[in-house]
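Examination of the molecular architecture
Next come the chains, spelled out residue by residue.
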Amino acid sequence: MPDHLDETLRRMVAPFADTFRAAGAVLEIGTGTGALIPHLVDCAPDMRLVSVDLAHGMLVQARERCPHAYLVEADAHHLPLAAGQHVRFDVVVCHNSFPHFADRVRALEEIQRVLRSDGQLFILHNNPRER
């Protein structure tokens, strides 16, 4: 990761800080090594943040970075929330992950299923198009 990543992520999240503060529950899909978690928590320390990633190895690194984070090994195409559960998120964040979803339509259907009807989806990227 580049040395300036923390500052880049801080600047990326800053315009949405009020939205994160107002959210009771946020789902981060594709957390990777958990680089965004501290910045989300800085914006809204009281929110319930669930961070998921498909790769177990990435979650191991995320756990080292953020020992108190709620991490779940899951596929964006099949989020582990039963249809009958009343679990809904106010905000869903995909940071540098959306282009990697094999079936983006299916992933969006899953996001819609777990996102409140008045919720917001943020697809954020700090990498240039070439990467």
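No experiment lies behind these values; they were computed from the predicted model shown.

Time to look at unusual backbone geometry. One non-glycine residue, asparagine 96, lies in positive phi territory at about 55 degrees. Of note, asparagine 96 is situated in the loop between strand E4 (89–95) and helix H5 (104–114).

Looking now at the confidence of the model for the protein chain. Taken residue by residue, the protein chain gives an average pLDDT of 89. The fraction at 70 or more is 90%. Across the protein chain, helix H4 (residues 56–65) holds the top mean pLDDT of 96, while helix H1 (residues 5–13) sits lowest at 87.

Next up on the list: the pairing of strand E1 (residues 25–29). For E1, a buried count of 5 out of 5 residues is recorded, marking the element as mostly surrounded by other parts of the structure. Burial along E1 is two-sided: Ala25, Leu27 and Ile29 facing one way and Val26 and Glu28 facing the other are all buried. Two elements, E1 and strand E2 (residues 48–53), share 5 bridges in a ladder whose sense is parallel. Counterpart to alanine 25 in the pairing with E2 is arginine 48. The handedness of the E1 to E2 crossover, carried by helix H3 (residues 37–43), is right-handed. Relative to E4, E1 runs parallel, the two sharing 4 bridges. Paired with isoleucine 29 across the bridge in E4 is cysteine 94.

Our focus in this paragraph is the environment of glutamate 109. Relative to the elements of secondary structure, glutamate 109 occurs in helix H5. For the pair glutamate 109 and valine 26, spaced 83 residues apart in sequence, the C-alpha separation works out to 17 Å.

In this section: H1. Among the residues of H1, Leu5, Thr8, Leu9, Met12 and Val13 are the ones counted as buried. The buried residues of H1 occupy an angular sector of 125 degrees when projected down its axis, which confines them to one face. Where H1 is buried, its residues contact helix H2 (17–22), H3, E4 and strand E5 (115–124).

A few words on the sheet that holds strand E3 (residues 70–73). Spatially, the 5 strands line up as an open sheet ordered E3-E2-E1-E4-E5, and their pairing is parallel. Strands at the two margins of the open sheet, each flanked by one partner only, are E3 and E5. With strand direction ignored, the average angle separating the axes of adjacent strands in the sheet is 20 degrees. By the bridge criterion, 4 bridges tie E2 to E3 in an arrangement that is parallel. Bridging from a neighbouring strand, aspartate 53 pairs with glutamate 73 of E3. Packed onto the sheet, H4 meets E2 and E3 and runs at close to 170 degrees relative to E3.

Moving on, we get to the nonpolar core. Membership of the largest hydrophobic core comes to 25 residues, with the highest contact counts inside it found for Phe20, Val26, Leu40, Val91 and Val93. Those elements that provide at least two residues to this core are H1, H2, H3, H4, E4 and E5. When residues in this core are grouped by element, the largest group, 4 residues, is from H1. If sequence neighbours within four positions are ignored, phenylalanine 20 has contacts with Val13, Val26, Leu40, Cys43, Ala44, Met47, Val91, Val93 and Phe122. Residues Val52, Val72, Ala74 and Val92 belong to the second largest nonpolar core, which totals 19 residues.

Analysis parameters
Residues numbered from 1 in each chain as written. Predicted model: local features only at pLDDT ≥ 70, side-chain atom pairs only at ≥ 80, totals over all residues. Heavy atoms only, no water. Helix = DSSP H or I, 4+ residues; strand = E, 2+ residues; numbered from the N terminus. pLDDT = per-residue confidence, 0-100. Buried < 20%, exposed > 50% of the residue type's maximum accessible area, 1.4 Å probe, protein only. Pairing = 2+ DSSP bridges. Right-handed = clockwise from strand over helix to strand, strands pointing away. Arc of directions from axis to C-beta. Contact = heavy atoms within 4.5 Å. Axes fitted to C-alpha atoms, helices over the stretch in contact; angles between N-to-C directions. Core = buried A, V, L, I, M, F, W, Y, C linked by side-chain atoms within 4.5 Å.

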